[in-house]
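# Report on the structure
Listed below, chain by chain, are the residues.
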Amino acid sequence: MTAQRLMLLDTASLYFRAFFGVPDSVKAPDGTPVNAVRGLLDFISRLVGEYEPTHLVCCWDNDWRPQWRVDLIPSYKEHRVVAVRPGDVPDIEEVPDPLEAQIPVIIEVLNAFGICILGADGYEADDVIATLATAAGMPVDIVTGDRDLFQLVDDEQQVRVLYTARGVGKHDRVTEHTVVEKYAVLPQQYADFATLRGDASDGLPGVPGIGDKTASSLLLKYGDLDAIRAAAADPDSDLAPGPRNKVTTAADYLAVAPTVVAVARDIDLERPDAALPQSPADPAQLAELAERWGLSSPVERLTAVLAAR
């Protein structure tokens with residue numbers, strides 16, 4: 001019996017990469033671009049073929065910029081907003097129109113294959129990934145181009161990140177050793193590290209004057225952000241005047257940022273069947289979609305990869 005292994009896809013990260021990496025000349029018979037759909041299917045084929053997961057979930061951003069995170073840090077992902085909506089409706093993220101039009105097709109094709117799609121209202125895909133990885137009970141591969149998920153790496157629990165920043169074909173297998181070697185912090189310290197140094201891609205200002213080296217040295221010495229803040233507040237501690245002043249000045253930011261940066265690991269999720277099928281769940285629907293959207297080749301490749309497991 002094949003050993004169980006769960007693969008969790010940061011789906012938006014992958015279809016954005018596919019959209020910008022596959023030529024927009026890839027179109028359906030009616031001229032509609034389908035480069036993101038084709039690219040995503042081929043990414044899944046490559047990853048399933050290489051790692052042979054028994055379970056796979058395409059994790060979804062039901063809310064890419066949750067209000068509870070914005071309430072704590074208003075600048076959170078603010079630079080990605082193109083339209084603000086009133087009330088409880090999520091703001092609109094900057095997504096190219098030709099990509100936006102392909103997202104419903106992606107959903108239809110994944111459903112026809114029987115590949116699990118899972119999101120949670122009020123949460124990002126990162127939170128879905130974190131919750132599933134924490135309770136998986138089997139080895140986990142997290143596929144993402146987002147460094148925030150390095151905080152989930154855990155050798156003992158066999159949770160690693162397949163980091164796609166250089167491309168799916170050139171991805172890095174991130175383990176505890178990788179995180180320590182690159183950032184000089186443990187994975188469980190990575191969220192505090194990111195809080196201190198900030199992250200412009202997420203609109204997190206960080207503590208002014210504290211970069212990677214200072215952040216890692218403080219965490220090496222004190223262990224976590226709470227201990228660093230305690231040292232800054234204690235006049236008898238051995239924290240140097242420079243970082244003491246910077247941490248003290250940023251007290252308001254540091255009081256809320258950890259909640260924003262840390263992925264939610266215990267959200268209430270439906271637990272659908274995430275077992276990866278060996279054949280399409282709806283072959284007739286899949287064949288119709290493949291013909292309508294000119295996706296015969298990537299659909300055949302993924303069908304063959306699933307059958308070969």
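Figured I'd write up the structure that's included with this text.

## Here we look at the overall build of the protein chain
In terms of helices and strands, the protein chain carries 14 helices and eight strands. The C-alpha atoms of the protein chain give 21 Å as radius of gyration, which agrees with the globular expectation for 309 residues (19 Å, within 12%). For the C-alpha atoms alone, the extent of the protein chain along its principal axes is close to 70 × 50 × 35 Å. For the protein chain, with 309 residues in total, the buried portion stands at 49%.

## Some words on the sheet that holds strand S5 (residues 116–118)
Reading across from one edge, S5-S2-S1-S6-S7-S8 is the order of the six strands in this open sheet, with mixed pairing throughout. With one partner strand each, in any of the chains shown, S5 and strand S8 (172–174) form the two edges of the open sheet. For this sheet, the mean inter-axis angle between neighbouring strands, taken without regard to orientation, is 25 degrees. Contacting strand S1 (6–10), strand S2 (55–59), S5, strand S6 (140–144) and strand S7 (159–163), helix H6 (residues 125–134) crosses the sheet at an angle of about 170 degrees to S1.

## As for the side chain of Asp148
Structurally, the position occupied by Asp148 is in the loop between S6 and S7. With residues up to four places along the chain from it excluded, the contact list for Asp148 reads Asp126, Tyr190, Asp199 and Asp202.

## A short note on the pattern of salt bridges
Counted according to the given criterion, the structure contains eleven salt bridges. Between Asp42 and Arg301 there is a salt bridge, with the nearest N and O atoms lying 3.0 Å from each other. Of this pair, Asp42 sits in helix H2 (residues 35–51) while Arg301 is found in helix H14 (residues 296–308), placing the two residues 259 residues apart along the sequence. A relative accessible area of 23% places Asp42 in the partly exposed class. Taking the relative accessible area as the measure of exposure, Arg301 reaches 38% and is therefore partly exposed. Taking the shortest distance from any N to any O, the salt bridge between Asp172 and Arg166 comes out at 2.9 Å. For Arg166, a relative accessible area of 52% corresponds to the exposed category. In the salt-bridge network here, residues are joined through shared partners; they are Arg69, Lys77, Glu124 and Asp127.

## Considering the packing of helix H1 (residues 11–21) against H2
For the pair H1 and H2, the least separation of the axes is 7 Å and the interaxial angle reads 120 degrees. As far as their axial angle goes, H2 and H1 are oblique. For the pair H1 and H2, the sense of crossing is right-handed. Contact residues: Thr11, Leu14, Tyr15, Arg17, Ala18 and Phe19 in H1; Asn35, Ala36, Gly39, Leu40 and Phe43 in H2. Looking at the contact of H1 with H2 residue by residue, the class counts come to seven nonpolar, three polar and one charged.

## Some points on the packing of aromatic side chains
Evaluation of the coordinates by the stated rule reveals ten aromatic pairs. Each ring, one from Tyr15 and one from Trp60, has its centre 6.0 Å from the other, and the planes form 55 degrees; the classification is tilted. Placement of the pair is Tyr15 in helix H1 and Trp60 in the loop between S2 and helix H3 (67–72), with a sequence separation of 45 residues. For the pair Tyr15 and Trp60, one class covers both residues: buried. Ring geometry for Phe150 versus Tyr163: centroids 5.0 Å apart, planes at 75 degrees, classification edge-to-face.

## Observations concerning H1
Taken together, the buried positions of H1 are occupied by Thr11, Ala12, Leu14, Tyr15, Ala18 and Phe19. The arc that holds the buried residues of H1, viewed along the axis, is 160 degrees, so those residues lie on one side. For H1, exposure combined with an orientation more than 90 degrees from the buried face picks out Phe20 and Gly21. Among the structural elements, S1, H2, S2, helix H4 (97–100), helix H5 (103–113) and S6 are those in contact with the buried residues of H1.

About the thresholds
Residues numbered from 1 in each chain as written. Predicted model: local features only at pLDDT ≥ 70, side-chain atom pairs only at ≥ 80, totals over all residues. Heavy atoms only, no water. Helix = DSSP H or I, 4+ residues; strand = E, 2+ residues; numbered from the N terminus. Rg over C-alpha atoms; globule rule 2.2 N^0.38 Å. Buried < 20%, exposed > 50% of the residue type's maximum accessible area, 1.4 Å probe, protein only. Pairing = 2+ DSSP bridges. Axes fitted to C-alpha atoms, helices over the stretch in contact; angles between N-to-C directions. Contact = heavy atoms within 4.5 Å. Salt bridge = Lys/Arg side-chain N within 4 Å of Asp/Glu carboxyl O. Parallel < 35°, antiparallel > 145°, perpendicular 65-115°, else oblique. Left-handed = near helix turned anticlockwise from the far one by under 90°. Nonpolar A, V, L, I, M, F, W, Y, C, P; charged D, E, K, R; others polar. Phe/Tyr/Trp six-rings, centres within 6.5 Å; stacked < 30°, edge-to-face > 60°. Arc of directions from axis to C-beta.

Everything listed here is a matter of geometry and, on its own, says nothing about what the molecule does.
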